[in-house]
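Single-letter residue listing:
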Amino acid sequence: MERTRAALVAPRGTSSRRVVSKGSSLEEIAEAAGYTRGAIYKHFANKADSFFAVSDALNTEMLDTFANEWTAEGYAWDDNDRPQQCGSRL
């Protein structure tokens, strides 16, 4: 069941692009993801609920990418969730 929900809100998935398009119906979103309308309603109360799930997935992906880039550049997060460069404080 979690796999279905993940496919419906995948940040780079066809269905997530359809959710952010205000003209798409839930039927079109389900079809783009390869699922039935029933699958949409099993995981989301309505189109707005699916939109917020996609937004959350996009934000999580963006923040994870940002954190990975900072880590690759030699930054780490301190106990207060503030970035600090190795050996110095920002």
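Residues numbered from 1 in each chain as written. Predicted model: local features only at pLDDT ≥ 70, side-chain atom pairs only at ≥ 80, totals over all residues. Heavy atoms only, no water.

Trainee: Could you clarify how one ought to interpret the overall build of the protein in this entry?
Mentor: Per the secondary structure count, the protein includes 5 helices and 2 strands. Secondary structure elements in the protein, listed N-terminal to C-terminal, are α-α-α-α-α-β-β. Each of the 90 residues in the protein was classed as buried or not, and the buried ones make up 22%. When the accessible area of the protein is evaluated, it comes to approximately 6300 Å², of which 51% is carbon and sulfur surface. (Helix = DSSP H or I, 4+ residues; strand = E, 2+ residues; numbered from the N terminus. Buried < 20%, exposed > 50% of the residue type's maximum accessible area, 1.4 Å probe, protein only. Areas by Shrake-Rupley, 256 points an atom, 1.4 Å probe, with all protein chains shown as cover.)

Trainee: Would you take a moment to explain the packing of aromatic side chains for this structure?
Mentor: What characterises a pair of aromatic rings is the spacing of the ring centres plus the angle enclosed by the ring planes. This model, assessed by the stated rule, comprises 1 aromatic pair. Ring centres 5.5 Å apart and planes at 70° place the aromatic pair Phe 51 and Phe 52 in the edge-to-face group. (Phe/Tyr/Trp six-rings, centres within 6.5 Å; stacked < 30°, edge-to-face > 60°.)

Trainee: Can you walk me through helix 1 (residues 2-9) in this structure?
Mentor: Since there are 3.6 residues in each turn of an α-helix, residues three or four apart along the chain are aligned in direction. Within helix 1, the full set of buried residues consists of Thr 4, Leu 8 and Val 9. For helix 1, the angular spread of buried residues about the axis comes to 120°, placing them on one side. Opposite the packed face of helix 1, turned more than 90 degrees from it, sit the exposed residues Glu 2 and Arg 3. (Arc of directions from axis to C-beta.)

Trainee: When you look at the side chain of Thr 4 in this model, what are you seeing that I'm missing?
Mentor: The topology assignment puts Thr 4 in helix 1. A relative accessible area of 17% places Thr 4 in the buried class. Not counting chain neighbours up to four residues away, the residues in contact with Thr 4 comprise Tyr 35, Ala 39 and His 43. (Contact = heavy atoms within 4.5 Å.)

Trainee: Just to check I follow, could you spell out helix 3 (residues 26-33) for this structure?
Mentor: By the burial criterion, the buried members of helix 3 are Leu 26, Ile 29 and Ala 30. Along helix 3, the residues classed as buried sweep out an arc of 95° about the axis, all on the same side. One or two positions beyond helix 3, positive phi appears at Gly 34, with a value near 85°.

Trainee: What's the story with the pattern of salt bridges in this structure? I'm lost.
Mentor: Once their charged atoms are close, side chains differing in charge can pair, the charge on each being opposite to the other. Applying the stated rule across the entire model yields 1 salt bridge. A salt bridge links Arg 37 to Glu 27; its shortest N-O distance comes to 2.8 Å. On the criterion of sequence distance, the pair formed by Arg 37 in helix 4 (residues 37-43) and Glu 27 in helix 3 is long-range, its members being 10 residues apart. Arg 37 gets classed as partly exposed once you look at its relative accessible area, which sits at 44%. (Salt bridge = Lys/Arg side-chain N within 4 Å of Asp/Glu carboxyl O.)

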